[in-house]
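# Structural overview
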Amino acid sequence: MLDYKLLTQTLGDLEEEQVIELLKEFVTTDPSEAEALEAVGACQAGMGIVGDLFEKGEYFVGDLIFAGELLTEAINVLKPVLGAGTSSALGTILLGTVHGDLHDIGKNIFRSMSEAAGFEVVDIGIDVAAEEFVAKAKELNSQIIGMSGVLTLAIDSMKDTVEALRLEGVDSKIIIGGNPVTKEACDLIGADAFTVNAAEGVKICQNWV
Amino acid sequence: MELSKETLQTNKLFEDLYDGKQPRRIPIVSTADNAFCLEYAGFNLKTEQYSVDENLEAIRKATADFDCDAVFALYARFPHLYKILGSTNFVPGADGFLQHPEVCGLEVDEYDEFIEDPLKTIWDKVLPRIHKEIGKGGFEGQKAVSKAYHSFYETMGKIGMASMQMANELGRSTYSFVGAISSTPFDVLSDQLRSFTGISADVRRRPEKVEAAAAALLPLALKAGILPHSNHYNRTFIPLHMGPYLREKDFARLYWPSFKAYVEGLDKAGVGANIFVEQDWMRYLDYLNELPQNTTFMFEYGDPAVIKEKLGTRHILTGLYPLGILKTHTKQECIDQAKFLIDKLAPGGRYAFGFDKCLLRLNDVNVDNLKAVLSFVKEYGKY
């Protein structure tokens, strides 16, 4: 019987070997799909601990990246017992780095943390044109749109993109993130929220759904 | 080249600064990108950035128009060179501006051979992976290497000569903030070899390999960081990257030893270091203080009073002026911010005025605000 609390804590501690060992042992016990989903939930709760420790300044960006890798690895171990059925997502986030900007590390961190929190994330990549955001937003009708950028030029690109989305009647909540993003930039851009902290960004999204 | 009286006087500002003496006024350093200069001069980034001559023309115009104490732009990334090499580590975005996407030049199972002989591994495996033209191998690959080699040295020669000339003619200093450029061993390992994502996993999964690889890179960093003209005033620029993303115990074991040895190695060779302290390094100030005396730190973030107190009697400080406000705030507010920082950081010397970030694009600032701040600093910064 898997100790879900222990799994959560070990993942939160980023103890890779222990997490994988616990899960491999669990898989050998031929668990039911419900139990496997509970294990996924325990891993996701572990990511919550990672986010909290990051906000407290005990973990840093390198730890968030590693946590994302560890979570993927953990889910891969669980895949054979997860079955075809999937739990319903908390909500959908359309995510991309805005046009002119090729950076993706921050976006990827936010993606793995949002997925761990139960969101379905549709990542449309880097250097994404405003029209592409609009087309995809209309197709998905996602509750949330996340825009990422590192360079100062991203501010103008975010502004273009938000304007294009609103002009086309897309009313999803919009969150912007990345190094150049500030309260003033957020007001200028017309986004609903901004963050320079992926963990905080996930919390903002959770409050929206 | 015989230097003009004005240039000699401006050089003296930096000589005093780097010697830890109080100069007659606060020197103003510039860390603008050549892309800013191209746009300021009315050139199109997508086409003109490939021409060395047009870059130099643009830098000259910006140097004449903006009242800094050095040549206005850092011209360190060469689009034509990346084009020749088919580089994947520096590529233009949709509007032509060069960026550094995440690249992985060294696979995880290649650590041992890299530690054994880093130069051979870089030559045989990393360069062909990062640069598509070299990756073609055979004659095509070698042709790309030869073209790139000649293009690089021709470009560097042109820039060196033109920078000296424009500095001398415009009364700017002939000392560049970036006399040479070479990152710390750990940052080379992460940014060019293992990638941000790769290194973040390596730090936890195989710290002993990371530690050995950083140590193996130290002689190469020193080789790249010391050029024939390098000295105490023609300093080596070290843009720091990964430190703030690590836990302190990982920083202390994996980042710091080769970083410290690198700056000490430069110092031993008589070469000063101008270090760009990117992101928030406030938890590492005590480490930075251990570096050789009169190292320059250009800070991006942090409390100026704390930084001055911890580092200001032993080292040289610059940066911290939030570039972003030059676009969003009024002229008077921009000037007030300069006054605030000068009042905090300048007393006693060991301070040059500078921005918190490199000025990348024309659209990043209101040019009138930039000019107003520079004029203000020149006047208000007299000791």
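About the thresholds
- Residues numbered from 1 in each chain as written.
- Chains lettered and ligands numbered in written order.
- Predicted model: local features only at pLDDT ≥ 70, side-chain atom pairs only at ≥ 80, totals over all residues.
- Heavy atoms only, no water.
- Helix = DSSP H or I, 4+ residues; strand = E, 2+ residues; numbered from the N terminus.
- Rg over C-alpha atoms; globule rule 2.2 N^0.38 Å.
- Buried < 20%, exposed > 50% of the residue type's maximum accessible area, 1.4 Å probe, protein only.
- Contact = heavy atoms within 4.5 Å.
- Areas by Shrake-Rupley, 256 points an atom, 1.4 Å probe, with all protein chains shown as cover.
- Lys, Arg positive; Asp, Glu negative; His and termini not counted.
- Charge placed at Lys NZ, Arg CZ, Asp CG, Glu CD.
- Polar contact = N/O pair within 3.5 Å; in protein donor to acceptor, adjacent residues only side chain to side chain.
- Axes fitted to C-alpha atoms, helices over the stretch in contact; angles between N-to-C directions.
- Parallel < 35°, antiparallel > 145°, perpendicular 65-115°, else oblique.
- Left-handed = near helix turned anticlockwise from the far one by under 90°.
- Pairing = 2+ DSSP bridges.
- Buried area = accessible area lost by both parts, 1.4 Å probe.
- Salt bridge = Lys/Arg side-chain N within 4 Å of Asp/Glu carboxyl O.
- Nonpolar A, V, L, I, M, F, W, Y, C, P; charged D, E, K, R; others polar.
- Right-handed = clockwise from strand over helix to strand, strands pointing away.
- Domains from an automatic or database assignment.
- Phe/Tyr/Trp six-rings, centres within 6.5 Å; stacked < 30°, edge-to-face > 60°.
- Lys NZ or Arg CZ within 6 Å of the ring centre and 35° of its normal.

## Comments concerning the overall build of chain A
Scanning chain A for helices and strands turns up nine helices and five strands. Put simply, chain A runs from its N terminus to its C terminus through helices and strands in the order α-α-α-α-β-α-β-α-β-α-β-α-β-α. Against the 2.2 N^0.38 benchmark of 17 Å for 209 residues, chain A shows a C-alpha radius of gyration of 18 Å, consistent with a compact globule. Dimensions of chain A, computed from the C-alpha atoms along their principal axes, are close to 55 × 35 × 25 Å. Expressed as a percentage of the 209 residues in chain A, the buried residues total 52%. Counting only contacts in chain A whose residues sit at least 6 apart along the sequence, the fraction spanning at least 24 positions is 72%. About 9200 Å² of surface is accessible on chain A, with carbon and sulfur atoms providing 51% of the total. Between the mean site of the 13 positive side-chain charges and the mean site of the 35 negative ones, chain A shows a separation of 6 Å.

## Observations regarding the environment of B:Thr88
Residue and element names in this part refer to chain B. Among the structural elements, Thr88 can be located in the loop between α5 (79–85) and β3 (91–92). In this structure the C-alpha to C-alpha distance between Thr88 and Glu102, which are 14 residues apart in sequence, comes to 8.9 Å. Not counting chain neighbours up to four residues away, the residues in contact with Thr88 comprise Pro101, Val103, Arg129, Ile130 and Lys132. Here the side chain of Thr88 touches Ile130 through a polar contact of 2.7 Å, landing on its backbone oxygen.

## Notes on the packing of helix α15 (residues 304–311) of chain B against helix α17 (residues 331–345) of chain B
Residues and elements named next belong to chain B. Contact geometry of α15 with α17 gives a least axis separation of 9 Å together with a crossing angle of 25 degrees. Considering their axes alone, α15 and α17 lie roughly parallel with respect to each other. α17 is crossed by α15, and the crossing has right-handed handedness. Between α15 and α17, the residues in contact are Pro304, Ala305 and Lys308 and Phe340, Leu341, Lys344 and Leu345, respectively.

## Some details on the side chain of B:Ser200
Structurally, B:Ser200 is set in helix α11 (residues 196–205). The class of B:Ser200 is buried, set by a relative accessible area of 4%. Within the local environment of B:Ser200, its side chain forms a polar contact with the backbone oxygen of B:Phe196, the two atoms lying 2.8 Å apart. If sequence neighbours within four positions are ignored, B:Ser200 has contacts with A:Gly62, A:Ile65 and A:Phe66.

## A short note on the sheet that holds strand β7 (residues 273–277) of chain B
All names here are of chain B. Read from one edge to the other, the open sheet built from five strands follows the order β5-β6-β7-β8-β9, with strand pairing classed as parallel. Each edge of the open sheet carries a strand with a single partner, namely β5 (180–181) and β9 (316–319). The pairing of β7 with strand β8 (residues 296–299) spans four bridges and is classified as parallel. Residue pairing for β8: Asn274 is matched across the bridge by Thr296. Each of β6 (236–239) and β7 touches helix α13 (residues 248–268); the most contacted strand, β6, lies at about 170 degrees to it.

## Thoughts on the interface of chain B and chain A
If you look at the interface, chain B gives 31 residues, while chain A gives 26 residues. Contact between chain B and chain A buries roughly 2200 Å² in total, counting both sides, with carbon and sulfur atoms accounting for 57%. Contact with chain A buries surface across chain B, with B:Gln99, B:Arg204 and B:Arg205 losing the most and accounting together for 26% of the total. Seen at the junction of chain B and chain A, the total is five salt bridges. B:Arg204 is the partner of A:Asp63 in a salt bridge, and the nearest nitrogen-oxygen pair spans 2.7 Å. Run the count over chain B and chain A and you get ten residue pairs in polar contact (both at pLDDT 80 or more). Those elements giving two or more residues to the side of chain B that touches chain A turn out to be β3, α11 and α16 (325–328) of chain B. At six residues, the largest contribution of residues to the side of chain B that touches chain A is made by α11(B). Among the residues making up the side of chain B that touches chain A, the classes are represented as twelve nonpolar, eight polar and eleven charged.

## Side note on the pairing of strand β2 (residues 120–123) of chain A
Residue and element names in this part refer to chain A. For strand β1 (residues 92–97) and β2, the ladder comprises four bridges, and the chain directions are parallel. Each residue of the ladder has a partner; that of Leu95, found in β2, is Asp123. Between β1 and its parallel partner β2, the chain crosses via helix α5 (residues 105–116), and the hand of that crossover is right-handed.

## Some points on the domain arrangement of chain A
Residue and element names in this part refer to chain A. Domain boundaries assigned for chain A yield domain 1 (4–82) and domain 2 (92–208). Placing a centre on the C-alpha atoms of domain 1 and another on those of domain 2 gives a separation of 26 Å. Taking both partners together, domain 1 and domain 2 bury about 850 Å²; carbon and sulfur atoms supply 68% of that area. Residue Lys203 is joined to Asp52 by a salt bridge in which the shortest nitrogen-to-oxygen separation is 3.4 Å. Our count for the domain 1 to domain 2 interface comes out at three residue pairs in polar contact (both at pLDDT 80 or more). Among the secondary structure elements, those contributing two or more residues to the side of domain 1 that touches domain 2 are α3 (33–55) and α4 (61–82). Residues belonging to the side of domain 1 that touches domain 2 are distributed by class as follows: six nonpolar, three polar and two charged.

## Examining the packing of aromatic side chains
Residues and elements named next belong to chain B. For the structure on display, the rule yields 32 aromatic pairs over all chains. Summarising the aromatic geometry, the rings of Phe152 and Tyr153 are spaced 5.1 Å apart at their centres and angled 85 degrees between planes, so their arrangement reads as edge-to-face. Residue Phe152 is classed as partly exposed on the basis of its relative accessible area of 29%. Geometrically, the ring pair formed by Phe251 and Tyr284 is stacked, given 3.8 Å between the ring centres and 15 degrees between the ring planes. On the criterion of sequence distance, the pair formed by Phe251 in helix α13 and Tyr284 in the loop between β7 and α14 (285–289) is long-range, its members being 33 residues apart. For the pair Phe251 and Tyr284, one class covers both residues: buried. Put simply, the rings of Phe186, Phe251, Tyr255, Trp256, Phe259, Trp281, Tyr284 and Tyr287 pair up and form one aromatic cluster. Against the face of Tyr18 rests Arg235, its NZ or CZ located 4.0 Å from the ring centre.

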